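# Architecture at a glance
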Amino acid sequence: MSADGFSASPPPGARADWTIDQGWETYSPAEHEVWITLYERQTALLRDRACDAFLKGLDALDLHRAGIPDFARINEELQRLTGWSVVAVPGLVPDDVFFDHLANRRFPAGRFIRKPEELDYLQEPDIFHDVFGHVPMLTDPVFADYMQAYGEGGRRALDLGVLANLARLYWYTVEFGLMQTPQGLRIYGAGIVSSRSESIFALEDTSPNRIGFDLERVMRTPYRIDDFQQAYFVIDSIQTLQEVTLQDFAPIYERLAGAADIGIAEMLPGDSVLTRGSQAYAANGGRLAQT
Ligand code: PHE
Ligand code: FE
């Protein structure tokens, strides 16, 4: 534990809370080009695939203007809308630092952008994933409150030693969540909207399971970090997601301690099934087979 109360010290050049300056003036024209390419590709694809809150947020923040967004500029509007801001960090930050930012309505974002030769797949989240993927949803007042509550819940889960369970909630909502709307199934998860191939796979492929969101079920389901998800969980609205997560998780954590994990592609009798997936993509070796 360092002097400021965080578990690990920040890298040289970063502040105690791991933030750095974005240094917007130092992006090269080629880096701005990568943003514009990705932005145009994804907005064309997402017009009929992302949920309204995401599309509305994208417009409100005017994210494409002049390439990579200047955090100082988008923060003015974001602050006005929901009191959130984006802060730059060198890369992934420790869990306790991450939760502290969220609990204070700050979203930590990488400042670097992927190379032109890795437009479709990269290991670590870059500014396109973090800002294009996450920030539009933070303009929605209910989602904004959910993210802050998640930060507070994260600190608590860390103390209780149950972070593995809570992390699945983040994964299957904030990163890979789908929403049922009167217009059809829509995407709100940042990990999907920032990926061309998964934006199509998550909604249209016959391979993955699509299951109605159930809090405890989600917290018992492991996830993949290396390939498309084998299961997606579908919420009815941001409002209902916020309502079920308002409850005290302590009794749930106790029950989960005695419960086995569910297989990643398993279906349970109690599941509300939207798609019983063929799992053909995963069975054929997934991304390994593609390259
Ligand atoms: N209600 C949760 C708890 O008691 C906190 C939380 C809220 C977690 C929203 C995730 C999302 O721990
Ligand atoms: Fe993310």
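For the structure, see preceding data.
Residues numbered from 1 in each chain as written. Chains lettered and ligands numbered in written order. Predicted model: local features only at pLDDT ≥ 70, side-chain atom pairs only at ≥ 80, totals over all residues. Heavy atoms only, no water.

### Section: the coordination of the iron ion (ligand 2)
- Looking at the metal site, the iron ion (ligand 2) is ligated by His129 (NE2), His134 (NE2) and Glu175 (OE), spaced 2.0 to 2.1 Å from it.
- In primary-sequence terms, the residues that donate to the iron ion (ligand 2) follow H-x4-H-x40-E.
- Residue classification places His129 among the buried positions, given a relative accessible area of 11%. (Donors = N, O, S within 2.8 Å, 3.2 Å for Na, K, Ca; no water. Buried < 20%, exposed > 50% of the residue type's maximum accessible area, 1.4 Å probe, protein only.)

### Topic: the site of ligand 1
- Contacts to ligand 1 come from Tyr146, Ala149, Tyr150, Gly153, Arg156, Leu166, Leu169, Thr245, Leu246, Gln247, Asp248 and Phe249.
- Arg156 is positioned such that a nitrogen or oxygen atom in its side chain is 2.6 Å from an oxygen atom of ligand 1.
- With respect to ligand 1, the backbone of Phe249 contributes an N or O atom lying 3.0 Å from an oxygen atom.
- Surface burial for ligand 1 is 91%, taken as the share of its 330 Å² of free accessible area covered by protein chains.
- Among the cavities detected, the one that contains ligand 1 is the second largest pocket.
- For the shell around ligand 1, the element with the highest residue contribution is helix H6 (residues 141-160), accounting for five residues.
- When grouped by side-chain class, the residues that make up the shell around ligand 1 number seven nonpolar, three polar and two charged. (Near = heavy atom within 4 Å. Polar contact = N/O pair within 3.5 Å; in protein donor to acceptor, adjacent residues only side chain to side chain. Areas by Shrake-Rupley, 256 points an atom, 1.4 Å probe, with all protein chains shown as cover. 1 Å grid on protein atoms, 1.4 Å probe; cavity = no way out; pocket = protein on both sides within 12 Å on 5 of 7 lines; lining within 4 Å. Sits in = over half its atoms within 2 Å of the grid points. Helix = DSSP H or I, 4+ residues; strand = E, 2+ residues; numbered from the N terminus. Nonpolar A, V, L, I, M, F, W, Y, C, P; charged D, E, K, R; others polar.)

### Quick word on the sheet that holds strand E3 (residues 178-181)
- In spatial order, the strands read E4-E3-E6-E5-E7; together these five strands make up an open sheet with mixed pairing. Each edge of the open sheet is held by one strand with a lone partner, namely strand E4 (184-187) and strand E7 (273-275). The mean inter-strand angle of the sheet, taken between neighbouring strand axes irrespective of direction, is 35°.
- Relative to strand E6 (residues 231-235), E3 is paired through two bridges, and the arrangement is parallel. Across the sheet, Met179 pairs through a bridge with Ile235, a residue of E6. (Pairing = 2+ DSSP bridges. Axes fitted to C-alpha atoms, helices over the stretch in contact; angles between N-to-C directions.)

### Some words on the pairing of E3
- Pairing between E3 and E4: four bridges, direction antiparallel. Looking across to E4, one finds that Thr181 is bridged to Gly184.
- Here E3 hands over to E4 after two residues, the two strands then running antiparallel side by side.

### Re the packing of helix H1 (residues 29-46) against helix H5 (residues 127-134)
- Where H1 meets H5, the closest approach of the two axes is 12 Å, and the angle between their N-to-C directions is 40°. Judged by the sense of rotation from one axis to the other, the crossing of H1 with H5 is right-handed. Residues Trp35, Leu38, Tyr39, Gln42, Thr43 and Leu46 of H1 pack against Ile127, Phe128, Val131 and Phe132 of H5.
- Residue composition of the contact of H1 with H5, by class: eight nonpolar, two polar and no charged. (Left-handed = near helix turned anticlockwise from the far one by under 90°. Contact = heavy atoms within 4.5 Å.)

### Thoughts on the side chain of Arg168
- Its place among the elements puts Arg168 in helix H7 (residues 163-175).
- Only 3.0 Å separates the side chain of Arg168 from the backbone oxygen of Met219, close enough to count as a polar contact.
- Ignoring sequence-local partners within four residues, the contact set of Arg168 consists of Val218, Met219, Arg220, Thr221, Pro222, Tyr223 and Asp261.

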